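Descriptive analysis of the structure
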Amino acid sequence: MSAPAILVVALPTPLRRLFDYLPPGYQPPGAAKDMFAQPAAAVDCHSLQPGVRIKVPFGRQELIGILIAVKGESEFPLEQLKPATEILDQSPVLTEDILELSQWASGYYHHPLGEVISTTLPTLLRQGQAPERQREQVWQATDKGRGELGALLKRAPKQQQALDLIKHQYLSSSQLAALDINRPILKGLQEKGLIEAIDRLEDNSQTLLAETPLTLNEEQQQALSAVEFDNYNSYLLRGATGSGKTEIYLQAIAKVLEQGKQALVLVPEIGLTPQTLGRFQHRFNAPIATLHSGLNDSERLQAWLAAQSGEASIVIGTRSAVFTPLPNLGVIIIDEEHDLSFKQQDGFRYSARDLAAIRAQKHHIPLLLGSATPSLETAHNCERQRFKLLELTQRAGNAKPPAIELQDIRRQALIEGFSQESLEQIRTELDAGNQALVFINRRGYAPTLMCHDCGWQAHCPNCDARLTVHQHPRHLHCHHCDYQCGMVDQCYSCLSSDLTAVGLGTERSEAALQDEFPDVPVIRVDRDTTRRKDAMQNIVDEVNKGEPCILVGTQMLAKGHHFPDVTLVVVLDADGGLFSADFRGPERMGQLLTQVAGRAGRAEKPGRVIIQSHLCDHPLLQTLLHDGYPDFAQQLMGERQIAHLPPYRYLALLRAEDKNAHQAMAFLTQARQLAEQIFPSSVSLQYLGPLPAPLEKRNERFRYQLQINAGQRQDLHRLLQPLIAQLDELPLGRKVRWSVDVDPQDMA
DNA sequence: AGCACGCCGACT
DNA sequence: GTCGGCGTGCTC
């Protein structure tokens, strides 16, 4: 009897190892023979392909894992191996390239392969569902419906409208319902024999008529022709809002589609707006699949399958879409590459931008990164000639960049945070029929509730943080753990009832502005007002009607949406970023200010930006305003080099948290000792900590971190690999919640 | 992470 | 006398 195939399986557990199994139905030789039992035929597994799903017994549970390899023998004694329960797939759901990418990511981010794989697969596949496309009923115009109808629909405009849509493309009833066309209208058309229902693959992709590409200006033309499509290169398209990055994406995609290949487009979490999608849909006569957080499990699976089968030519998605299987991938595009949402901030802490570069490299295809405010990492890669810089300096229609001025508010009387000057400027714009935008990066009414008599402040019981005062509805709220309670009317310490809201938030600015400008709508935009599904879109539509109004909100206003009728932007609290705990604070601030400035104005109506500041002389602010973002980034780069920080050095963070502060700290202290044994501290590898995290106590857990700073990537990994193996063995390692973050973006 | 086993406190 | 608290150990 030949030796059984040994199945090496990755399982969704945090254990950093793979598990060996026997083929399904295989009788372990040592097992007691039951001579009456029908010997189940052992499945021959020697030719199974890696990437298929396998159901296996695991402890007392049953899990679905992914076959990684088939081997001839196991390090484990055969009698300790269990037979797998079932092979779930004929062909791999995890294609070779995605499996390879997962393995690379597992090594680079030091995260268990089984969990990495879990994040790459749609939930329903993880749960064992078959990877099958579903069919749905769609409406199609009949020959009669396509013919000359005369006056048949003259008195049924709604039916006429529906028929026009259906003539252009197949649409399901639910898609039509979204366009405000309901069942009775469709029934009417069906009874007249103009449309019929047919079965078609379920699809969240859509095909519309293609439009002709715009003519590129010389600069755009140069940028596009610099892109080589038959081998790997990363390109940075650096250009302000309105400089035409999207048009280059579209034409690059067109070239790829001409070759019969697919394009993958990654956008920030809030970047997949109907406008963005609409622009792609109108340009290409090709199916587009979207993958974003708004999809349910089944929609997500269908989009994934459309991509994997090659049906979808273009996939647009957020971070996790970097793992979408695409059999003919021809280009990867990342819009707003500096955006934080490309880095996952918990669990498997990967950077979709960096993984996209790896993926492009393995496929020998170009990676296009676009941003007006590139991350220092990307800018540094351009300097070192690893990425090619393609600059777009012209603005469409000769629009001028907004004029930015710093307004010194030292010693100025402020009305709820606004200087007299700012209010006057807002009034001037409103009187001229224009719109104004007020940016304040803090939601709620005020960040603190304080006792005027004794100085007591309302604190979160679970976190090391003050509670934020909210007025709509009236309550106190912790933005770190979501603790909420009713408004406090009396000081806990001295029982005084003289409590004051201290500091500024969006709600307060909204109230102040409404008070000051009672005749003009004040529209607040923050997480609280845009929670509902279409809320943001409704606001954008309303504002873009062009009536005078004031927008007030958080960074949601700075990203994605453009408001052409806004001619004045007022930034209330720019100073915060200059002395934040995170060394990336100033970089973020510069990006945010540049982005928010980009919201204002258009060709025929130039915008202005006022930045209220107590630190007008700050050299970084001065550089940003007078010389622009690239010089600002250059200046930051110099500081990073001196401070031995990225992008000149490589960081990893070992985080630990526990309800018991001492335990979390003790774990990291042990970790540092072990680390020093593996790789003694030197210039090439330095340790910092363990130190308390910026918010030491969060959600009843105390958090600490050990920073590892290396001159060479390789050294970082040479340390981390054995270190993590030892930490897994540590008794404290099983009690304390700990994680590794390679290339951390947020130090919190 | 799950999940079970196991050994001590307050309830019907 | 049992229910249930979470400490500890294991998963091919």
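Here is what the cut-offs are and how they apply
Per chain, residue numbering runs from 1 following the sequence as it is written. To read the labels, note that chains go from A and ligands from 1, taken in the order they are written. Reporting of local features is limited, given that this is a predicted model, to residues whose pLDDT is at least 70; pairs of side-chain atoms are given and counted only at 80 or more, and all residues count toward the totals for whole chains, interfaces and linings. To get the side-chain values, take all heavy atoms of the structure and skip hydrogens and water. By definition, any uninterrupted DSSP run of H or I lasting at least four residues is a helix, any uninterrupted run of E lasting at least two residues is a strand, and each is numbered from the N terminus. Each residue gets one of three labels from its accessible area relative to the maximum for its type: buried under 20%, exposed over 50%, partly exposed in between, using a 1.4 Å probe on protein chains only. Whether two residues touch is decided by their heavy atoms; if any such pair falls within 4.5 Å, the residues are in contact. Each accessible area is a Shrake-Rupley estimate made with a 1.4 Å probe; only the visible protein chains count as cover when residues are assessed. Asp and Glu are treated as the negative residues and Lys and Arg as the positive ones, with His and the ends of the chain left uncounted. The atom standing in for a charge is NZ when the residue is Lys, CZ when it is Arg, CG when it is Asp and CD when it is Glu. In this analysis, strands are considered paired if DSSP registers two or more bridges between them. Lines fitted to C-alpha atoms define the axes here, with helix axes fitted over just the stretch in contact, and angles between the N-to-C directions of these axes take values from 0 to 180 degrees. Being near a molecule or strand, for a residue, comes down to having at least one heavy atom within 4 Å of it. For this analysis, a salt bridge means a side-chain nitrogen from Lys or Arg found within 4 Å of a carboxyl oxygen belonging to Asp or Glu. Orientation is classified from the angle alone, with under 35 degrees giving roughly parallel, over 145 giving roughly antiparallel, 65 to 115 giving roughly perpendicular, and any other angle giving oblique. Left-handed describes a crossing whose near helix is turned anticlockwise from the far helix through less than a right angle; right-handed describes the clockwise counterpart. Three categories are distinguished: nonpolar for Ala, Val, Leu, Ile, Met, Phe, Trp, Tyr, Cys and Pro, charged for Asp, Glu, Lys and Arg, and polar for the others, with Gly belonging to the last. Definition of a polar contact: a pair of N or O atoms within 3.5 Å, with one able to donate and the other able to accept a hydrogen when the atoms are protein atoms, and with sequence-neighbouring residues admitted only if both atoms are side-chain atoms. By this rule the span expected of a helix is its residue count minus one, scaled by 1.5 Å. Here, nonpolar core means buried Ala, Val, Leu, Ile, Met, Phe, Trp, Tyr and Cys residues that are tied together by side-chain atoms lying within 4.5 Å of each other.

We now examine the overall build of chain A. Helix and strand content of chain A: 22 helices and 32 strands. Overall, chain A is about 95 × 85 × 55 Å in size when its C-alpha atoms are taken along their principal axes. The 748 residues of chain A split such that 52% are buried. Nonlocal contacts in chain A, meaning residues at least 24 apart in sequence, comprise 75% of its contacts between residues at least 6 apart. Summed over its atoms, the accessible surface of chain A is roughly 34,400 Å², and 49% of this surface lies on carbon and sulfur atoms. A gap of 2 Å separates the mean positions of the 74 positive and 88 negative side-chain charges of chain A.

What follows deals with the sheet that holds strand 9 (residues 233-239). Pairing in this open sheet of seven strands is parallel, and the strands run 11-12-10-13-14-9-15 from one edge to the other. Of all strands in the sheet, those with a lone pairing partner are strand 11 (288-291) and strand 15 (387-392), marking the two edges. Ignoring strand direction, the axes of neighbouring strands in this sheet form an average angle of 20 degrees. In this sheet, strand 13 (residues 329-335) lies alongside strand 10 (residues 262-266) in parallel orientation, the contact comprising five bridges. Across the sheet, residue Leu266 finds its bridge partner in strand 13, namely Ile334. Here helix 13 (residues 376-383) sits on the sheet in contact with strand 9, strand 14 (366-371) and strand 15, set at roughly 105 degrees to strand 15.

To continue, consider the protein's contact with DNA strand B. In the vicinity of DNA strand B, the contacting residues are Pro14, Arg60 and Gln61. Backbone atoms, meaning sugar and phosphate, form 56% of the atoms of DNA strand B found within 4 Å of the protein.

Moving on: the environment of Leu392. Along the chain, Leu392 falls in strand 15. With a relative accessible area of 4%, Leu392 lands in the buried category. Sequence separation of Leu392 and Glu218 is 174 residues, and the distance between their C-alpha atoms is 9.9 Å. Look past the residues within four positions of Leu392 in its chain and what remains in contact with it is Glu219, Gln220, Ala223, Leu237, Arg238, Gly239, Ala240, Ser243, Gly244, Lys245 and Ile248.

We now examine the sheet that holds strand 16 (residues 403-408). The strand order across the open sheet built from six strands is 16-28-27-19-26-25, with neighbouring strands paired in parallel fashion. The open sheet terminates on both sides in strands that have one partner only, identified here as strand 16 and strand 25 (522-525). Taking each pair of neighbouring strands and ignoring which way they run, the sheet shows an average axis angle of 20 degrees. Pairing of strand 16 with strand 28 (residues 608-613) involves six bridges; the strand directions are parallel. Directly across from Asp408, in strand 28, lies its bridge partner Ser613.

Where side chains of opposite charge bring their charged atoms close, a pairing between them can arise. One pass over the full model with this rule turns up 38 salt bridges. A salt bridge links Glu75 to Lys71, with the shortest nitrogen-to-oxygen separation between them at 3.8 Å. Residue classification places Glu75 among the exposed positions, given a relative accessible area of 72%. A relative accessible area of 25% means that Lys71 is categorised as partly exposed. The shortest N-O distance in the salt bridge between Glu337 and Arg353 comes to 3.0 Å.

What follows covers the packing of helix 8 (residues 218-226) against helix 9 (residues 245-258). Two elements in contact, helix 8 and helix 9, have axes separated by 10 Å at closest approach and are oriented at 40 degrees. Viewed along their axes, helix 8 and helix 9 adopt a mutual orientation that is oblique. Between helix 8 and helix 9 the crossing geometry is right-handed. The segment helix 8 lies against helix 9, with Gln220, Ala223 and Leu224 engaging Glu247, Ile248, Gln251, Ala252 and Lys255. Of the residues in the contact of helix 8 with helix 9, the class split is four nonpolar, two polar and two charged.

Of all eight residues that make up helix 2 (residues 113-120), six are buried, and the element is covered over most of its length. What helix 2 keeps buried is the set Leu113, Gly114, Val116, Ile117, Ser118 and Thr120. In the core, the buried residues of helix 2 are packed alongside strand 1 (6-10), strand 4 (61-71), helix 1 (96-108), helix 3 (123-126) and helix 11 (297-308).

In this section: the side chain of Thr554. Mapping Thr554 onto the fold places it in the loop between strand 26 (550-553) and strand 27 (566-571). Here Thr554 is in contact with Phe439, Ile440, Asn441, Arg442, Arg443, Thr506, Val525 and Asp526, once residues within four sequence places are set aside.

Below, the discussion takes up the pairing of strand 9. Successive residues of a regular strand alternate their side chains across the two faces of the sheet. Most of strand 9 sits out of view: seven of its seven residues are buried. Here strand 9 shows no split at all, with Asn233, Tyr235, Leu237 and Gly239 on one side and Ser234, Leu236 and Arg238 on the other all buried. As paired elements, strand 9 and strand 14 share six bridges and run parallel to each other. Bridging from a neighbouring strand, Ser234 pairs with Leu367 of strand 14. In this structure, strand 9 lies alongside strand 15, joined through six bridges in parallel fashion. Looking across to strand 15, one finds that Leu236 is bridged to Leu389.

The next subject is the protein's contact with DNA strand C. Near DNA strand C, the surroundings consist of Leu15, Arg17, Phe19, Asp20, Tyr21, Pro57, Phe58, Gly59, Phe76, Gln80, Leu81 and Lys82. Backbone atoms, meaning sugar and phosphate, form 46% of the atoms of DNA strand C found within 4 Å of the protein. Within the side chain of Tyr21, a nitrogen or oxygen atom sits 3.0 Å from a phosphate oxygen of DNA strand C. Pro57 has a polar backbone atom sitting 3.3 Å from a phosphate oxygen of DNA strand C. Breaking the surface near DNA strand C down by element, the ones donating at least two residues are strand 2 (19-21) and strand 3 (53-58). Of the residues forming the surface near DNA strand C, the biggest block, three residues, is contributed by strand 2. Broken down by class, the residue content of the surface near DNA strand C amounts to seven nonpolar, two polar and three charged.

Below, the discussion takes up the packing of helix 9 against helix 10 (residues 274-283). Between helix 9 and helix 10, the least distance of the axes is 11 Å, while the angle of their chain directions is 40 degrees. As judged from the angle between their axes, helix 9 and helix 10 are oblique. For the crossing formed where helix 9 meets helix 10, the hand is right-handed. In this structure, helix 9 uses Thr246, Glu247, Leu250, Gln251 and Ile253 to contact helix 10, whose residues at the interface are Arg279, Phe280 and Arg283. Residues that form the contact of helix 9 with helix 10 fall into these classes: three nonpolar, two polar and three charged.

Attention now moves to helix 9. Helix length check: helix 9 (14 residues) gives 20 Å between terminal C-alpha atoms against 20 Å at 1.5 Å per residue, within 8%. In terms of burial, helix 9 is a largely internal element, ten of the 14 residues being buried. Among all positions of helix 9, only Lys245, Glu247, Ile248, Tyr249, Leu250, Gln251, Ala252, Ile253, Val256 and Leu257 are buried. Residue Gly260 follows helix 9 closely and has a positive phi angle near 75 degrees.

Here we come to the nonpolar core. Phe667 and Leu727 are the most contacted members of the largest nonpolar core, which totals 66 residues. Ignoring anything within four residues of it in the chain, the contact list for Leu727 reads Leu654, Phe667, Ala671, Leu674, Gly733 and Trp738. One finds Ala574, Leu593, Val609 and Leu624 within the second-largest nonpolar core, a separate group that totals 37 residues.

In this model, Pro646 is joined to Pro647 through a cis peptide bond whose omega is 5 degrees. If you trace the backbone, Pro647 turns up in the loop between helix 19 (629-642) and strand 29 (650-658). Of note, the bond from Gly689 into Pro690 is cis; its omega dihedral lies within 30 degrees of zero at 10 degrees. You can see Pro690 is positioned in strand 30 (residues 685-698). The phi torsion at Gln385 lies on the positive side, around 65 degrees, for a residue other than glycine. Tracing the backbone shows Gln385 in the loop between helix 13 and strand 15. For Gln385, a relative accessible area of 67% puts it in the exposed group. In the Ramachandran plot, Asp482 falls in the positive-phi region, its phi being about 75 degrees despite a non-glycine side chain.

Just distances and angles here, no functional claims.
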